[in-house]
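Architecture at a glance
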Number of protein chains: 2
Amino acid sequence: MVSQQVKPYVIGLDLGGTNSVFGIVDSRGEIKATTAIKTQSYTSVKDYVEASVEALHTIIDQVGGIEKIKSMGIGAPDGNYYKGTVEYAPNLVWAHDCIVPLADMFKEKLGIPVGITNDANAAAIGEMVYGVARGMKNFIMLTLGTGVGSGIVINGSLVYGSDGFAGELGHVTMRRENGRTCGCGRKGCLEAYCSATGVARTAREMLESSSTPSVLRDLKPADITSLEVSRAAEKGDALALKVYDFTGEMLGEACADFATFCSPEAFIFFGGLTKAGDLIMNPIKKSYDKHVMPIFKGKAKFLISELDGSSAAVLGASAIGWDL
Amino acid sequence: MVSQQVKPYVIGLDLGGTNSVFGIVDSRGEIKATTAIKTQSYTSVKDYVEASVEALHTIIDQVGGIEKIKSMGIGAPDGNYYKGTVEYAPNLVWAHDCIVPLADMFKEKLGIPVGITNDANAAAIGEMVYGVARGMKNFIMLTLGTGVGSGIVINGSLVYGSDGFAGELGHVTMRRENGRTCGCGRKGCLEAYCSATGVARTAREMLESSSTPSVLRDLKPADITSLEVSRAAEKGDALALKVYDFTGEMLGEACADFATFCSPEAFIFFGGLTKAGDLIMNPIKKSYDKHVMPIFKGKAKFLISELDGSSAAVLGASAIGWDL
């Protein structure tokens, strides 16, 4: 507690392909200062780190100087917690074909401990430190965004596995025959169905294979996004609701399998798809109850993240810092 | 270390539906004394515990008295580690319709700490303490016997989950359509295909649906067991080898999904089916390589338990004791 009083803040960096958002966060999850740079503007990681540190200096000064900062946490695609690296991240020009020791580079410039993990793991830690998972020792976080990510907490610790890359539940195989091709190059992954692009694809497939009336028919197939599906569903559009039923059914089946692994206290959902609320959560719960082993029935909670979407990623990243 | 020198032994109890085997074990996994009673002879748990303790006294005396015993570990079907109970175990007359506080009952009689978990979890701990998983922090144990059980170790600790029942990987769904009915009442579970009964069933199905010549055709379908399949495969029987290919293919697919969860250092196999050696292990490895996410490819080892089959269950149970 002493060190926390002396150094009451951690830095969180939400490193995305387009933007890098920094926040200085206190132990209650309040963001005291924030700044951002364009990730895409830098072609070398050296330039990227220099620009980041320059931007950081301004907000560090705002909270009373680097002496007030305990550490820094980074949530990044393909971030490896054990090695402090970003490895072969397709969306980062300076890391798409190599291993970048990003944590060490920031540590050297800032003189504080720096930790890194992937964005979904960061979200899970954020939820445990500041969100609905406070006090939980065993839960699974599923992030439903462009892809489907996951962070698994067992006995109060995030699961990194033998190599630092554990928790890729978006890539369990849900369709072993005639599965959709997934971004990972394999077929039938959960992500190929339950990500934003998966949901849009389901809508396009259902429009083609059925004659159910739908406002989505007014759009060109290529213009149908998960957002359009969500808008239609909110208005009670029958086909859009079917899309949610299908997506929730599969998520519930997947969660039933996940329960056999670690029997979590809760499944926590985060990301655009959760904005649909009960329209997606009810099919998930119904499907879970139908498919889960009797021994686990009725035990797990199904929750939606309470962290504010726009700051959740920064909070999640910052949360890594408290344990460094 | 001091307490281990003063109390160099733990008791292991392998509690099966038919027999209960007790062993007194040292820290290197050497069984110093052993005894057994018939589980089925006792209709009340009180009588069962009394008979157990009476049998135990003899071997406890052999190793120098209860002062030499640190603790007792029990591996039992439907054993709950958190609560020290056996819950609704179909094969135990005194626990098939109720919750039995077995750990406390032994603790009261013996005056030493007593821990309990299910048999597959005990096997995983045994492997970590005395077997091929020594020094490993992340691995998955799969027991291929009458059923398919599992014990999952993450960060050096067994995964019990929120309720003490985690690690039921025999019941992930491998066939979502037209799946075989499983003993758990659901359909398409891994166990329905890759257990001993599953293997025999696969053989019967293949005999019926193909005209491949096979020595198994000399048997009545009802007489085909996994042991007969194994004997035939060893002799190069084409159909029996196909049965192993099918079984290994599915186990490899399942392990590929498990890798997304905890990226284990190794998958360790135990039980009758592993006696087939490469005949089963090669199809598993080939299928795993084909199905696993690129990021995990080539990382996990595939090992067969080195613990002696007849004493492995007692050793596994005893291993729980060292941490109590």
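Residues numbered from 1 in each chain as written. Chains lettered and ligands numbered in written order. Predicted model: local features only at pLDDT ≥ 70, side-chain atom pairs only at ≥ 80, totals over all residues. Heavy atoms only, no water.

Our next topic: the interface of chain B and chain A. In this complex, chain B contributes 41 residues to the contact, which on the side of chain A involves 41 residues. With both chains or domains summed, chain B and chain A bury close to 3300 Å², and 56% of this area falls on carbon and sulfur atoms. Ionic pairing is found between B:Asp163 and A:Lys299, a salt bridge with its closest N-O pair at 2.7 Å. Inspection of the chain B/chain A interface yields 20 residue pairs in polar contact (both at pLDDT 80 or more). Elements that contribute at least two residues to the side of chain B that touches chain A include exactly strand 10 (148-154), strand 11 (157-158) and helix 8 (238-262) of chain B. The element best represented in the side of chain B that touches chain A is helix 8 of chain B, accounting for six residues. (Contact = heavy atoms within 4.5 Å. Buried area = accessible area lost by both parts, 1.4 Å probe. Salt bridge = Lys/Arg side-chain N within 4 Å of Asp/Glu carboxyl O. Polar contact = N/O pair within 3.5 Å; in protein donor to acceptor, adjacent residues only side chain to side chain. Helix = DSSP H or I, 4+ residues; strand = E, 2+ residues; numbered from the N terminus.)

All right, on to the packing of aromatic side chains then. Following the criterion strictly, the structure yields 22 aromatic pairs over all chains and no others. Here the aromatic rings of B:Tyr42 and B:Tyr48 are separated by 6.4 Å at their centres, their planes lie at 65°, and the arrangement is edge-to-face. On the accessibility criterion, B:Tyr42 (21% relative accessible area) is partly exposed. Members of the aromatic cluster, connected to one another through ring pairs, are A:Phe267, A:Phe269, A:Tyr288 and A:Phe302. (Phe/Tyr/Trp six-rings, centres within 6.5 Å; stacked < 30°, edge-to-face > 60°. Buried < 20%, exposed > 50% of the residue type's maximum accessible area, 1.4 Å probe, protein only.)

Residues and elements named next belong to chain A. Within the open sheet, the five strands sit side by side as 11-10-9-12-13. Their pairing is mixed. Of all strands in the sheet, those bounded by a partner on one side alone are strand 11 (157-158) and strand 13 (301-304). Examined bridge by bridge, strand 9 (residues 139-144) and strand 12 (residues 266-270) share five bridges and lie parallel to one another. Paired with Leu-142 across the bridge in strand 12 is Phe-269. Strands in contact with helix 4 (residues 119-130) are strand 9, strand 10 (148-154), strand 11 and strand 12; relative to strand 9, the strand with the most contacts, it is inclined by about 125°. (Pairing = 2+ DSSP bridges. Axes fitted to C-alpha atoms, helices over the stretch in contact; angles between N-to-C directions.)

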